[in-house]
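Here is how the chains run, residue by residue.
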Amino acid sequence: MSGKIVGIGLMVTALITAISLYYLQVYHFYEEPRTGDLIELTALGSGQPEEIIADDVTSIDATSSPIRYRACFTTPMSQSLLTEAYVEAPGAIPLTAPDWFDCFNAAEIGAALEAGTALAFMGKENHDYGVDRIVAIMEDGRGFVWHQLNDCGRKQYDGTPTGPECPDRTLDN
């Protein structure tokens, strides 16, 4: 009898722990969606981020990780205009967003990038140490933003020595 009680107690504890972890990962650490963030792309000429025309910007972020930022927006700027003026980000891979932030569908964005119907641009290199802000823009003017680890970030987080090609860690923004 006492074995059943202990077993049930363990199962209830495991269930509560699982529900708590799910809630913390998917809801708790994210801020409420906000509007009005500036969307910037790195200019080819200056190498500096410049604001682009962006409407209906909605974003989410969390202080628990530098790669949790996601944003959705629309722009009237054409892909051909953008490729002439801004640095592209080849190999960009969108990270998933919580299901409740339904304007950001990483699978759709990734498929569009692979098909060439979306282009990825560098928003800001080393937005946070080892983390680049990537902006993807579809042919229809929908745009998406996420943070992605760069080579220095991957080295920093897997323990590999970063080397002289990486910026000084004290230069965090």
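Residues numbered from 1 in each chain as written. Predicted model: local features only at pLDDT ≥ 70, side-chain atom pairs only at ≥ 80, totals over all residues. Heavy atoms only, no water.

## Some words on the layout of surface pockets
Selection criterion: Cavity and pocket criteria rest on a 1 Å grid covering protein atoms alone: a 1.4 Å probe that fits but cannot get out defines a cavity, protein on both sides within 12 Å along at least 5 of 7 lines defines an open pocket, and an atom within 4 Å of a point defines a lining residue. Grid points are joined across faces, edges and corners, and a volume is the space filled by probe spheres set on the points. Each helix corresponds to a stretch of at least 4 residues labelled H or I by DSSP, and each strand to a stretch of at least 2 residues labelled E; elements are numbered beginning at the N terminus. Following the grouping adopted for this structure description, the nonpolar residues are Ala, Val, Leu, Ile, Met, Phe, Trp, Tyr, Cys and Pro, the charged ones are Asp, Glu, Lys and Arg, and the polar ones are all others, Gly among them.
The computed volume of the largest pocket comes to approximately 240 Å³. If you list the elements that add at least two residues to the lining of the largest pocket, you get strand S6 (118–128), strand S7 (131–138), strand S8 (142–149) and helix H4 (151–158). In terms of residue class, the lining of the largest pocket is built from nine nonpolar, four polar and five charged.

## Things to note about the confidence of the model for the protein
In plain terms, the rule: The predictor reports its confidence for every residue as pLDDT, a score running from 0 up to 100.
Averaged over the protein, the pLDDT score is 84; the fraction of residues at 70 or greater is 84%. Ranking the helices and strands of the protein by mean pLDDT puts helix H3 (residues 106–115) first, with 96, and strand S1 (residues 34–35) last, with 64.

## Quick notes on the packing of aromatic side chains
The description of an aromatic ring pair rests on the distance of the ring centres and on the angle between the ring planes. How we decide: When two rings of Phe, Tyr or Trp (its six-membered ring) have centres within 6.5 Å they constitute a pair, described as stacked for plane angles under 30 degrees, edge-to-face for angles over 60, and tilted for the intermediate range. Whether a residue is buried, partly exposed or exposed follows from its accessible area with a 1.4 Å probe, protein chains only, as a fraction of its type maximum: under 20%, in between, or over 50%, in that order. Criterion for a charge above a ring: Lys NZ or Arg CZ within 6 Å of the ring centre, and within 35 degrees of the ring normal.
A complete count under the given rule lists three aromatic pairs for this structure. Centroid distance Trp-100 to Phe-101: 6.4 Å. Interplanar angle 75°. Geometry classified as edge-to-face. We classify Trp-100 as partly exposed; its relative accessible area is 28%. Considering the side-chain rings of Phe-104 and Trp-146, the 6.2 Å spacing of their centres and the 80° angle between planes classify their relative orientation as edge-to-face. Highlighted residues: Phe-104 in the loop between helix H2 (79–85) and H3 and Trp-146 in strand S8, separated in sequence by 42 residues. In this structure, Arg-70 is placed above the aromatic ring of Phe-104, and the distance from its NZ or CZ to the ring centre is 5.8 Å. The ring centre of Tyr-69 lies 4.0 Å from the NZ or CZ of Arg-133, which sits over that ring.

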